[in-house]
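Results of the structural survey
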Amino acid sequence: MTTGGRESMVAASPESTIGGPRRRGLKRLLGRDYQLAYLMIAPSLLVLLGLIGFPFVRAISLSLESQPIGGEGHFVGFDNFASLLQDKLWWLTFKNTLFYTVMGVGLKTVVGMVFALILHQKLKGRTALRALLFVPWSVPIVVDAFVWRWIYSDLNGILNFVLYRLHIIDQYVLWTSDPKIVLWAIIAVVVWQGTPFYMMNFLAGLQSIPEEQYEASKIDGASALQSFRHVTLPGLTSVLIVVTLLSTIWTSNELQFVYILSSGGPAHLSEIFPTLAFFTSIPGRELGMGAAVALSFFPLMASLIVLAGRFMLRGAEA
Amino acid sequence: MNGSKSIQRSRWHFFSRPVLAIGLLWTLFPFYWLASTALKPNDDMYRPEPLLVPQRLTLDHFQKVLFDSHFPEYFRNSTVIAISTTVLSLFVGILAAYAIVRLDFKGKNLLARVLIFSYLVPPVLLFIPLFELIYKFDMLNSLQGLTFAYLTFTVPFTTWLLMGYFRTVPVDLEEAAMVDGCNRVSALLHITLPLSAPAIVVTALFSFTLSWNEFLYALTFTSDAASKTVTVGLASTVAEDVFFWGVMMAASVLIAIPPVVLYLLGQRWVVSGLTAGAVKA
């Protein structure tokens, strides 16, 4: 208001009537502070358009080309997508990604909720416990993945040794190369690494539920389970939605766990879209096909992004 | 009623203590194993019966990482990239966030929307065209190339977080300053920025750790020791040595220290930060 007042005073003074109407017109059209504002957002527009917008459009056009690294590309229409859909590997990757994401996100939600509820109690050393339980999440994923690769190691790995000694297994397990086990072994690491993020968000959500609601439900004679179902869960709905949406996007797009623990093997049984896109485009040198792999997963991704974005915008406006 | 409440409570405690203990063991054992491997001599590491408690400790692996490997270069590269990404994205983010929150111009709601959606666009969709772009500008294996790539996630994130904080700075203060003859830019510099200092520090911590931990872009855009970052450097160590686990774990400890320290410092803000304020405590 203040600036507007000052500037319109200037605009109304006699010496600015030359060219005044036109500038006022622009001002009405583009907003009161358009000159300074466009100057200030210019650098971010450069990043958004040049480094995100343009590459995104280029990803689409690349997916319609046969483009080897350093070679001449030529337009092939939807051939890349057509051959992907006929490829058993694509369908296997699709199945793996779905399984990996649903299991990962589901288990992180459940385990994160259990630990949030435990830490929400008045425990001794709660702050320290929270900090400790948060460590896996703050360490670079590549480090997390290598620690587990060492734990899973066939011959010298500690997991096989301990389980064998405890008579839980009667022979050493090939955690990351047994077809039946590999995806589960990777999911375990994903859950181990990602649970802290869920736990912290659920804890924050739990703390925002007013104590009176629990007291009221107790007066009504609700059991612990009933008050969880009728007070805790409704109070956590928005946190639950945002966290699972964001985490679904992040989990399904994270290639480090698979890349480091199994490289997608054995025989692509743990291949997921991010690793397939990487192996096709960079070591395989087929940029066009790689872009098609990444984009073939995009319709699903786009709907998640739109949903999550809406919730985040709503949260910001509230 | 009081009785049933305490029964419920004790039943819950009865259940929760062992679960918490298992959870702590599961969470922390890998880090114990990481540290003890880093400190164990090779002779004690590759034996049929691994030692749960190391009998002898050695700093050999750390010595190898620090004085007889490419890791010092990787550390330098990661530090340079993470700091330049942070500084650049703060500059870009502060200007854009201020304009969106305080100034009146056409398209600002659209810009806010585009920012949040681009924060959510996963790197897996962008790394191939970015590779092509960086290749054409002859910036593969360069720290600049990676810094540009990292701006794709730090700029939307930084701007979005700062928008949230700028909204909480009372607009009256700026208006008072402008009545006293300050212009917009000096109001931003002298009023809003100092008042948002804690937020800017936290945003910087985030942007530094996100860049430090990044893997896919670094894996795609760098291939020589002079430009690799710590994360990709670690992944490429595997091929170099048969008995590499000691060195790997020693390097892992060193790589993990900066982000862990930063997160412990900024823990209070981590939750609201990562969902970019979508989840309110």
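On a predicted model such as this, the values are computed, not experimentally measured, just so you know. (Residues numbered from 1 in each chain as written. Chains lettered and ligands numbered in written order. Predicted model: local features only at pLDDT ≥ 70, side-chain atom pairs only at ≥ 80, totals over all residues. Heavy atoms only, no water.)

Listed per partner, the contact involves 103 residues of chain B and 111 residues of chain A. Interface area lost by chain B to chain A is led by Trp26, Leu120 and Leu125 of chain B, which between them contribute 7%. The interface formed by chain B and chain A includes 3 salt bridges. At the junction of chain B and chain A, the tally comes to 10 residue pairs in polar contact (both at pLDDT 80 or more). Its residues assigned to classes, the side of chain B that touches chain A shows 76 nonpolar, 14 polar and 13 charged. (Contact = heavy atoms within 4.5 Å. Buried area = accessible area lost by both parts, 1.4 Å probe. Salt bridge = Lys/Arg side-chain N within 4 Å of Asp/Glu carboxyl O. Polar contact = N/O pair within 3.5 Å; in protein donor to acceptor, adjacent residues only side chain to side chain. Nonpolar A, V, L, I, M, F, W, Y, C, P; charged D, E, K, R; others polar.)

Quick look at a nonpolar patch on the surface now. All names here are of chain A. Taken together, the side chains of Leu98, Val102 and Leu300 define a hydrophobic patch exposed on the protein surface, amounting to about 260 Å² of accessible area. Secondary-structure assignment places Leu98 in helix 5 (residues 88–120). Note on Leu98: relative accessible area 39%, which makes it partly exposed. (Patch = residues over 30% accessible without salt bridge, like charges linked within 9 Å, V, L, I, M, F, W, Y side chains within 5 Å. Areas by Shrake-Rupley, 256 points an atom, 1.4 Å probe, with all protein chains shown as cover. Helix = DSSP H or I, 4+ residues; strand = E, 2+ residues; numbered from the N terminus. Buried < 20%, exposed > 50% of the residue type's maximum accessible area, 1.4 Å probe, protein only.)

Side chains that differ in sign of charge can pair as their charged atoms come close. The full count for this structure, using the stated rule, is 8 salt bridges over all chains. Notably, a salt bridge pairs Lys136 of chain B with Glu132 of chain B, separated by 3.6 Å at the nearest N-O pair. Here the residue Lys136 of chain B and the residue Glu132 of chain B both occupy positions in helix 6 (residues 123–136), the gap between them amounting to 4 residues, near one helical turn. We classify Glu132 of chain B as buried; its relative accessible area is 7%. What you see here is one network of salt bridges that share partners, running through Arg58 and Glu65 of chain A together with Glu132 and Lys136 of chain B.

All names here are of chain B. You can read the domains of chain B as domain 1 (2–58) and domain 2 (62–274). For domain 1 versus domain 2, the separation of C-alpha centres amounts to 33 Å. On the domain 2 side, the residues contacting the 7 residues of domain 1 number 9 residues. Summed over both partners, the interface of domain 1 with domain 2 buries about 660 Å², with 79% contributed by carbon and sulfur atoms. Its largest share of buried area at the contact with domain 2, domain 1 owes to Leu34, Ala38 and Tyr46, together 70% of the area lost on that side. Scanning the region where domain 1 abuts domain 2 turns up 0 salt bridges. Along the contact surface separating domain 1 from domain 2 lie 2 residue pairs in polar contact (both at pLDDT 80 or more). Contributions of two or more residues to the side of domain 1 that touches domain 2 are made by helix 1 (2–39) and helix 2 (42–45). (Domains from an automatic or database assignment.)

Ranked by size, the top nonpolar core spans 180 residues in total, and within it Phe146 of chain A together with Tyr217 of chain B carry the most contacts. Here the element with the most residues in this core is helix 10 (residues 182–207) of chain A; it accounts for 16 residues. Each of domain 1 (2–58) and domain 2 (62–274) of chain B accounts for three or more of the residues forming this core. Ignoring sequence-local partners within four residues, the contact set of Tyr217 of chain B consists of Pro123, Leu126, Phe127, Leu130, Leu146, Ala149, Tyr150, Thr152 and Phe153 of chain B. (Core = buried A, V, L, I, M, F, W, Y, C linked by side-chain atoms within 4.5 Å.)

As enumerated under the stated definition, the model contains 3 cavities of 30 Å³ or more in all. By volume, the largest cavity amounts to about 960 Å³. If you trace the largest cavity, you find 39 residues lining it, with Ile141, Trp250, Glu254 and Gln256 of chain A together with Leu210 of chain B closest to the centre. A per-class count over the lining of the largest cavity returns 26 nonpolar, 10 polar and 3 charged. Estimated volume of the second largest cavity: approximately 90 Å³. Taken together, Val111, Phe115, Leu133, Pro136, Trp192, Thr195, Pro196 and Met199 of chain A together with Gly23, Trp26 and Thr27 of chain B make up the full set of residues lining the second largest cavity. Put simply, the parts of the chain that give the lining of the second largest cavity at least two residues each are helix 5 and helix 10 of chain A together with helix 1 of chain B. (1 Å grid on protein atoms, 1.4 Å probe; cavity = no way out; pocket = protein on both sides within 12 Å on 5 of 7 lines; lining within 4 Å. Points joined across faces, edges and corners; volume = space filled by probe spheres on them.)

On to the environment of Gly181 of chain B, then. Residue and element names in this part refer to chain B. Tracing the chain through its elements places Gly181 in the loop between helix 8 (171–179) and helix 9 (184–195). Using a relative accessible area of 57% as the deciding quantity, one classes Gly181 as exposed. With 67 residues separating them in the primary sequence, Gly181 and Val114 have C-alpha atoms 34 Å apart.

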